[in-house]
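# A structural walkthrough
Here's the letter readout for the chains.
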Amino acid sequence: MESVRVQDVTFVNGEVELAGSLRMPVDADLAVAGVVLVGGSGPTDRDNGTYFPPIQQHLAEAGFAVLSYDKRGVGQSSGDWRAATMDDLAADAGAALGFLRARPEVRPQAVGLFGHSEGGWVALRASAGRVTCRGWSPAVARE
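Here is what the cut-offs are and how they apply
Residues numbered from 1 in each chain as written. Predicted model: local features only at pLDDT ≥ 70, side-chain atom pairs only at ≥ 80, totals over all residues. Heavy atoms only, no water. Helix = DSSP H or I, 4+ residues; strand = E, 2+ residues; numbered from the N terminus. Buried < 20%, exposed > 50% of the residue type's maximum accessible area, 1.4 Å probe, protein only. Phe/Tyr/Trp six-rings, centres within 6.5 Å; stacked < 30°, edge-to-face > 60°. Contact = heavy atoms within 4.5 Å.

### Some points on unusual backbone geometry
A positive phi angle is found at Asn-48, which is not glycine, with a value near 50°. In this fold, Asn-48 is placed in the loop between strand E3 (32–38) and helix H1 (52–61). Taking relative accessible area as the criterion, Asn-48 reaches 4% and is therefore assigned buried. Positive phi, close to 55°, is recorded for Ser-117, a residue that is not glycine. Relative to the helices and strands, Ser-117 is located in the loop between strand E5 (106–115) and helix H3 (118–127).

Structure below.
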């Protein structure tokens, strides 16, 4: 995928630091639309098993910024997914959404959530606006 740049990133929701991957089209002249991928139930990482890689590739090659992240307590994310409520997971998705919207190469008004399995319920809960991120702030992105 020479037309796509992949960058490891971290962002926070309260005390939880979430780690993920940001895929960006290389040749975008203007800010791009973006999507946050939210994984399903259990200990899902940023690839959500084998479900997310083809979606990530397709969306990034189509010109979207794509952020996927390790669920709390999985991969390089802190916390414990087993102790998390649906509201906690929705707040994590909201923090991911805020992180992606804050990127200068992304159009903040054109960013959305895509959830797989339980991630669909998490995305719906996050987009309903009934949860808030605890202490979300832009975090350091590292190549």
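### Some words on the packing of aromatic side chains
The final tally for this structure, using the stated rule, is three aromatic pairs. On the basis of an interplanar angle of 25° and a centroid distance of 5.5 Å, the ring pair of Phe-11 and Phe-99 is categorised as stacked. Residue Phe-11 is found in strand E1 (residues 4–13), and its partner Phe-99 is found in helix H2 (residues 86–101); the two are separated by 88 residues along the sequence. One aromatic cluster is present, built from ring pairs that chain together Phe-11, Tyr-69 and Phe-99.

### As for the environment of Arg-107
On the secondary structure map, Arg-107 appears in strand E5. When sequence neighbours within four positions are dropped, the list of residues in contact with Arg-107 reads Ala-31, Val-32 and Ala-33.

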